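# Chains, contacts and geometry: an overview
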Amino acid sequence: MRHICFSLLLVILSIVQLPAQNNNFSTYYNQRLTLFEKLPDTPNEIIMLGNSITDGCEWSELFQNPNIKNRGISGDITEGVLYRLEEVTRSKPTKIFLMIGINDLAQDMYADIVFQNICNIVSNITKASPSTKVYIQSILPVNPSFSKFSNHVCKTNEVIAINQKLNRWCAENSVEFIDLFHSFTEDKTNFLNPDFTNDGLHLTAKGYLKWAEIISFDIEK
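Calculation notes
For every chain, the first residue of its written sequence is number 1, and the numbers climb from 1 along that sequence. A pLDDT threshold of at least 70 governs which residues receive local features in this predicted model, and a stricter bar of 80 or more applies before side-chain atom pairs are shown or counted, although totals over entire chains, interfaces and linings include all residues. Only heavy atoms go into the side-chain values, all of them from the structure, while hydrogens and water stay out. In this text, helices come from DSSP runs of H or I with a minimum length of four residues, and strands from runs of E with a minimum of two, each type numbered from the N-terminal end. The classification of residues rests on relative accessible area computed with a 1.4 Å probe and restricted to protein chains. Under 20% of the type maximum is buried, over 50% is exposed, and intermediate values are partly exposed. Two residues qualify as a contact provided that any one of their heavy atoms is within 4.5 Å of a heavy atom in the partner residue. A 1.4 Å probe and the Shrake-Rupley method give the accessible areas. Residues count as covered only by the protein chains that appear here. His is not counted, nor are the chain ends, whereas Lys and Arg count as positive and Asp and Glu as negative. The atom standing in for a charge is NZ when the residue is Lys, CZ when it is Arg, CG when it is Asp and CD when it is Glu. By definition, two strands form a pair when at least two bridges between them are found by DSSP. Note on method: axes are straight lines fitted to C-alpha atoms, helices fitted across the in-contact stretch only, with angles between N-to-C directions ranging 0 to 180 degrees. Classification remark: right-handed applies to a crossover when, strands pointing away from the viewer, the course from the first strand over the helix to the second runs clockwise.

## Overview of the overall build of the protein
On a plain count of helices and strands, the protein comes out with ten helices and five strands. Overall size of the protein, expressed as C-alpha extent along the three principal axes, is 80 × 40 × 35 Å. Considering the protein as a whole, with its 221 residues, one finds that 48% of them fall into the buried category. Expressed as a percentage of contacts within the protein between residues at least 6 apart in sequence, the contacts between residues at least 24 apart total 70%. Carbon and sulfur atoms make up 53% of the accessible area of the protein, which amounts to about 11700 Å² in all. Taken as two groups, the 19 positive and 24 negative side-chain charges of the protein have centres that lie 5 Å from each other.

Laid out in structure tokens, this is it:
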């Protein structure tokens, strides 16, 4: 009788499709996360960690460096990064370059909470992989003259406030802060330079080349 019950249970389990990921993040998030979890860990990894702005670049090709791994996920938020940090730190990477937060703001999360979550990400990385050098990159500017991402491109004041707090926090906690914001703004405004974008939020090739120019010393040293 016990054998029959066990066999019946196996049949039921073979029919019922249990969710692969027990979280509330997007299908794309989980597609990427399941891939990242299966990719092999390698020595001396340099992790680019963030949302679609990170996801959209071919970092290893741009720098001609196979050690650079793209761990950007389009649409990701600070809570999403916190959720998947175990995969990021598992390889004990040499460096992590983090940019995150604009999607949180687009969902009307308070700037102070976004700031605190970013600090928590860095603290959790340091606990899990003390030898990893973490670089917090400022949130990039946005440009409200583009209408496609209306919930994002109206958050200039919040972006500036978070970046200022991150800069101070990094100085107080011996964490590297990279100010990308001011290199990406138009002259005399705090808006993303149209030379670097075609939608007010994401970057074109010229934007990624500018980004690479700014961080190249930290990547290569």
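That shown, we press on.
## Brief notes about the sheet that holds strand β3 (residues 95-99)
Sheet architecture is open: five strands sit in the order β2-β1-β3-β4-β5, paired in parallel fashion. On the outer flanks of this sheet lie β2 (68-72) and β5 (176-178), each paired with one strand and no other. Across the sheet, the axes of successive neighbouring strands diverge by a mean angle of 20°, strand direction being ignored. Docked against the sheet, helix α10 (residues 205-220) engages β1 (46-50), β2, β3, β4 (133-137) and β5, running at close to 155° with respect to β3.

## Quick look at the pairing of β4
Counted residue by residue, β4 has four buried out of five residues, so it is predominantly covered. Bridging between β3 and β4 involves four bridges; their strand directions are parallel. Looking at β4, one finds that Ile96 is bridged to Val134. Relative to β5, β4 runs parallel, the two sharing three bridges. Considered in β5, the bridge of Tyr135 is made with Glu176. A crossover links β4 with its parallel partner β5, the connecting element being helix α9 (residues 156-172), and its sense is right-handed.

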